[in-house]
Protein chains: 2
Amino acid sequence: MILITNDDGIHAPGLKALYRELSTLEEVMVVAPDTEQSAVGHAISLSHPLRVKQVSLDSLQGWSVTGTPADCVKIALAELLPRHPDLVVSGINLGPNVGINVLYSGTVSAATEAAILGVRAMAFSLNTYKNPDFDAAARLARQVVARFRNWAAWPPRVCLNVNLPALPEDQIRGIKIVRQDTGPLVEHFERRIDPRERIYYWLAEINERRDLDPDTDWGALAAGYIAVTPISFDLTHYPSLKALSP
Amino acid sequence: MILITNDDGIHAPGLKALYRELSTLEEVMVVAPDTEQSAVGHAISLSHPLRVKQVSLDSLQGWSVTGTPADCVKIALAELLPRHPDLVVSGINLGPNVGINVLYSGTVSAATEAAILGVRAMAFSLNTYKNPDFDAAARLARQVVARFRNWAAWPPRVCLNVNLPALPEDQIRGIKIVRQDTGPLVEHFERRIDPRERIYYWLAEINERRDLDPDTDWGALAAGYIAVTPISFDLTHYPSLKALSP
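For this particular structure, what's the right way to read the packing of helix α1 (residues 13–22) of chain B against helix α5 (residues 134–148) of chain B?
The axes of two packed helices give the description: the angle between them and the distance between them. Residue and element names in this part refer to chain B. Contact geometry of α1 with α5 gives a least axis separation of 8 Å together with a crossing angle of 50°. Relative to α5, the element α1 lies oblique. When the axes of α1 and α5 are compared, the crossing they make is right-handed. From α1, Pro13, Gly14, Ala17, Leu18, Arg20, Glu21 and Leu22 reach across to α5, where they touch Phe134, Asp135, Ala137, Ala138, Arg139, Ala141, Arg142 and Val145. Partitioning the contact of α1 with α5 into residue classes produces 9 nonpolar, 1 polar and 5 charged.

Dropping the structure here:
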């Protein structure tokens, strides 16, 4: 069984497209947030309880949860699913999750949470915010799922962060295994005045990057590859561990 | 200049104690959430704007922000501070941030955000939820800050996650440099019925662990050490990168 979740919410078209494609492979259950949860990072709900609602939309069977993507994975495995899934698939996110953005991504955190709980997982994001063709993206996602899900060398505690180009299939250059880009984002705050003459700030990000390294998620995606990055939840910086120790 | 932030909010006693101790070292500014933001992970605010309010409490000068710890660091550096700080200190958090919990921690994410933006940073958490002695903890934190802040080998893009024992100073066994524990948490959902007879769930975590490795943050803290873990925001699992590549 495959568990599908996301951070754009259970009614997002990216999730529905993924559901349609993956249910051609095998049984799929959906447990996803009831509302959009973008940029929630790896948040979990401690200060308020979760409510779940059974959802039946077209052929889609599942539950909506009043929580974050990580909450969804936790409660799906602990309470909602009849058995542990073989694979958790998160997405398809509207917009890429590459570089530093991976840290802010609810889509990726759902996959990371699955890895923490001992289940193989992949996060999928589509490299566009405008006119997304989620049907095409879901077909690519199905191919990636089929290719990696039974990967014999899949290490415990690792999940895959997959970014899909928003290109016609014949222009996609293949799959590239890449590291996370760690360059800084170009961003600033837009200062505005509200109708009551009070100041507020919008975080504005300019996703333009020069000198992209083709061996990173950002660089590979920009070059037309499906970018696959194995990620871990061990944040330890091992080189420093040695440098700091007496 | 040192920037102090946290996730328990600008009025939290852990922040005030830290402010009092660190301002004996040098100039300190505070930019912190206006309300408690625990377990927000590395969330940032994209769907709503931020408001800031100048705060002057006793000797404490700073701003409260309607956002997450990561938001606070971003807007402090971009808009609020007269110049870049030399160091960002986050905390002191009520309760430890060790093992998998590091991923859910707003306290740690503030330090990570500073590292992303090129500023040295340390996150401090105190290993108790009950009757915290933040004055004693802040004195320890000042010692740790003094010891590491000018560390010559501090690598770019790395911050320090520091967990303080809740013990009398003469029972603390020293500082230990350790990796993040990656063992699973023991947790479950408590299913309850509300007064309107609807079901809801509380996430309940049992922080009991056996077989703790003394070379991890969790193990060292439990053994009475100040646990210092260098952490990075590059989530790439490099061993898998090689294993996956053709």
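Any chance you could explain the sheet that holds strand β5 (residues 87–94) of chain B here in plain terms?
Remark on secondary structure: sheet strands pair via backbone hydrogen bonds, oriented parallel or antiparallel. Residue and element names in this part refer to chain B. Pairing is mixed across the open sheet formed by 9 strands, whose spatial order is β3-β4-β2-β1-β5-β6-β7-β11-β8. Every interior strand has two partners, whereas the edge strands, β3 (52–57) and β8 (175–177), have only one. Direction aside, the axes of adjacent strands within the sheet are offset by 25° on average. Taken together, the 6 bridges between strand β7 (residues 158–164) and strand β11 (residues 226–232) define a ladder with antiparallel strand orientation. Bridge pairing links Cys159 to Ile231 in β11. Across the sheet, α1 is in contact with β1 (2–5), β2 (28–33), β4 (60–65), β5 and β6 (120–126); its angle to β5 comes to roughly 140°. The sheet contacts of helix α2 (residues 69–80) involve β1, β2, β3, β4 and β5, and relative to β2 the element is tilted by about 135°.

Please explain unusual backbone geometry as it appears in this structure.
All names here are of chain A. Residues Gly91 and Ile92 are joined by a peptide bond in cis, for which omega reads 0°. On the secondary structure map, Ile92 appears in strand β5 (residues 87–94). Of note, Asn131 is a non-glycine position whose phi angle comes to about 45°, a positive value. According to the C-beta neighbour criterion, Asn131 is exposed, with 6 such atoms within 10 Å. The backbone phi angle of Glu197 is positive, close to 65°, even though this residue is not glycine. Its location among the elements puts Glu197 in the loop between β9 (186–193) and β10 (199–206). Its 6 C-beta neighbours within 10 Å are what place Glu197 among the exposed residues.

Teacher, can you tell me more about α2(B) here?
An α-helical segment advances 3.6 residues per turn. Residues three or four places apart therefore align on the same side. Residues and elements named next belong to chain B. Its 12 residues give α2 an end-to-end C-alpha distance of only 14 Å, which falls more than 12% under 16 Å, the value for a rise of 1.5 Å per residue. Burial runs high along α2: 9 of the 12 residues are buried. Along α2, the residues classified as buried are Pro69, Ala70, Asp71, Cys72, Val73, Lys74, Ile75, Ala76 and Leu77.

Explain the relation of the copies chain B and chain A here, please?
In this arrangement, two copies of a chain are superimposed by a rotation about an axis accompanied by a shift along the axis. Here chain B sits on chain A after a turn of 180° about the axis and a move of 0.0 Å along it, with an RMSD of 0.0 Å. Look at the turn and shift together and you get a two-fold axis relating the two. Closest to the rotation axis within chain B is the C-alpha of Gly41(B), separated from it by 2.7 Å. By residue overlap, the copies meet face to face through one surface: 98% of the interface positions of chain B are interface positions in chain A.

Help me out: how do you make sense of the sheet that holds strand β4 (residues 60–65) of chain A in this one?
Residue and element names in this part refer to chain A. As summarised here, the arrangement of the 9 strands in space is β3-β4-β2-β1-β5-β6-β7-β11-β8, forming an open sheet in which the pairing is mixed. Bordering the open sheet on either side are β3 (52–57) and β8 (175–177), each of which pairs with just one other strand. Strand-to-strand twist across the sheet, computed as the mean angle between neighbouring axes with direction ignored, equals 25°. Sitting on the sheet, helix α1 (residues 13–22) is in contact with β1 (2–5), β2 (28–33), β4, β5 and β6 (120–126), with an inclination near 140° to β5. Across the sheet, helix α4 (residues 106–116) touches β1, β5, β6, β7 (158–164) and β11 (226–232), and the angle it forms with β6 is around 175°.

Rules and cut-offs
- Residues numbered from 1 in each chain as written.
- Chains lettered and ligands numbered in written order.
- Predicted model: local features only at pLDDT ≥ 70, side-chain atom pairs only at ≥ 80, totals over all residues.
- Axes fitted to C-alpha atoms, helices over the stretch in contact; angles between N-to-C directions.
- Helix = DSSP H or I, 4+ residues; strand = E, 2+ residues; numbered from the N terminus.
- Parallel < 35°, antiparallel > 145°, perpendicular 65-115°, else oblique.
- Left-handed = near helix turned anticlockwise from the far one by under 90°.
- Contact = placed C-beta atoms within 7 Å.
- Nonpolar A, V, L, I, M, F, W, Y, C, P; charged D, E, K, R; others polar.
- Pairing = 2+ DSSP bridges.
- Buried ≥ 20, exposed ≤ 12 C-beta atoms within 10 Å, placed from the backbone.
- Expected span 1.5 Å × (residues − 1).
- Least-squares fit on C-alpha atoms with pLDDT ≥ 70 in both.

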